[in-house]
Amino acid sequence: ESKAAPSVEKAAVKSEPAEKKSDGIFGGMFSSEPAPAKLDLGEFKLLEVNLGTSLDSDNLVTKPRVVFGTKDKIYASVLSNGQHQGLTIKARWTAPDGSLVAETEQALVPVKGTVSTFSIGNAQAWPVGAYTLDISLNNQVQRTVSFEVK
């Protein structure tokens with residue numbers, strides 16, 4: 001769900017820009033994969049990605065954190081700013097063993113500050129370990145957030 005962002009500042013969970021894959025000693029010149037086209041975001045920017053166990057009325061995570069319990073429902077709020085003709089924003093949640101937990105896409109046609117929210121829940125206890133959330137725009141990873149279930 002995407003919604004206009006309020007002008008309230010929130011503490012940000014540390015999220016890192018996506019790491020570039022190493023092309024090795026030959027700089028990828030022998031790679032069979034074409035290099036992805038650079039994503040033209042214009043004035044659109046991802047500002048922050050916060051994880052937590054609840055959202056407020058503006059769809060913002062209320063208390064950002066990176067450690068969760070085995071029974072927690074986990075929310076991600078993705079704050080962005082600027083306008084764009086149209087993007088697809090995707091959240092891809094990965095378990096400690098590398099398996100896919102969930103993947104959700106939303107259409108995004110921002111004109112100002114926007115909050116996009118994603119969540120995962122599990123009827124069973126989450127396996128303990130280190131998880132990742134990748135946030136992509138038009139299938140290109142822009143942010144990776146690591147979190148832990150204890």
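What counts and what doesn't
- Residue numbers restart at each chain and count upward from 1, following the sequence in its written direction.
- At least 70 in pLDDT is required for a residue's local features to be given in this predicted model, at least 80 for side-chain atom pairs to be given and counted, and no such filter applies to totals for whole chains, interfaces and linings, which use all residues.
- With hydrogens and water excluded, all non-hydrogen atoms of the structure serve as input to the side-chain values.
- Here a helix means four or more residues in a row that DSSP labels H or I, a strand means two or more in a row labelled E, and each is numbered from the N terminus.
- Buried, partly exposed and exposed residues are distinguished by accessible area as a fraction of the type maximum, computed with a 1.4 Å probe on protein chains only: under 20%, between the cut-offs, and over 50%, respectively.
- What makes two strands pair is DSSP finding at least two bridges between them.

In this fold, Ile-89 is placed in strand β6 (residues 87–94). Spatially, the C-alpha atom of Ile-89 lies 9.5 Å from that of Val-78, the residues being 11 residues apart in sequence.

Our focus in this paragraph is the pairing of β6. Among the eight residues of β6, six are classified as buried, and the element is accordingly described as predominantly covered. For β6 and strand β7 (residues 100–108), the ladder comprises eight bridges, and the chain directions are antiparallel. Considered in β7, the bridge of Thr-94 is made with Leu-100. If you look at the hairpin formed by β6 and β7, you'll find five residues sitting between the two strands, and Gly-98 has a positive phi there, around 90 degrees. In this structure, β6 lies alongside strand β9 (residues 129–137), joined through six bridges in antiparallel fashion. The residue of β9 that forms the bridge with Ile-89 is Leu-137.

Turning next to the environment of Asp-97. By the element assignment, Asp-97 lies in the loop between β6 and β7. The spacing of Asp-97 and Tyr-131 is 34 residues in sequence and 8.7 Å in space, taken between C-alpha atoms.

Time to look at the pairing of strand β3 (residues 45–52). Within β3, six of the eight residues are buried, which leaves the element mostly enclosed by the surrounding structure. Both β3 and strand β5 (residues 74–81) contribute to a ladder of seven bridges, which runs antiparallel. Across the sheet, residue Asn-50 finds its bridge partner in β5, namely Ser-77.

With glycine set apart, most residues show a phi of negative sign, and most peptide bonds adopt trans. Unusually for a residue other than glycine, Asn-59 sits at a positive phi of about 65 degrees. Position of Asn-59 relative to the elements: it lies in the loop between β3 and β4 (67–68). Non-glycine residue Asn-138 carries a positive phi angle of around 50 degrees.

What is shown is where atoms sit, not what they do.
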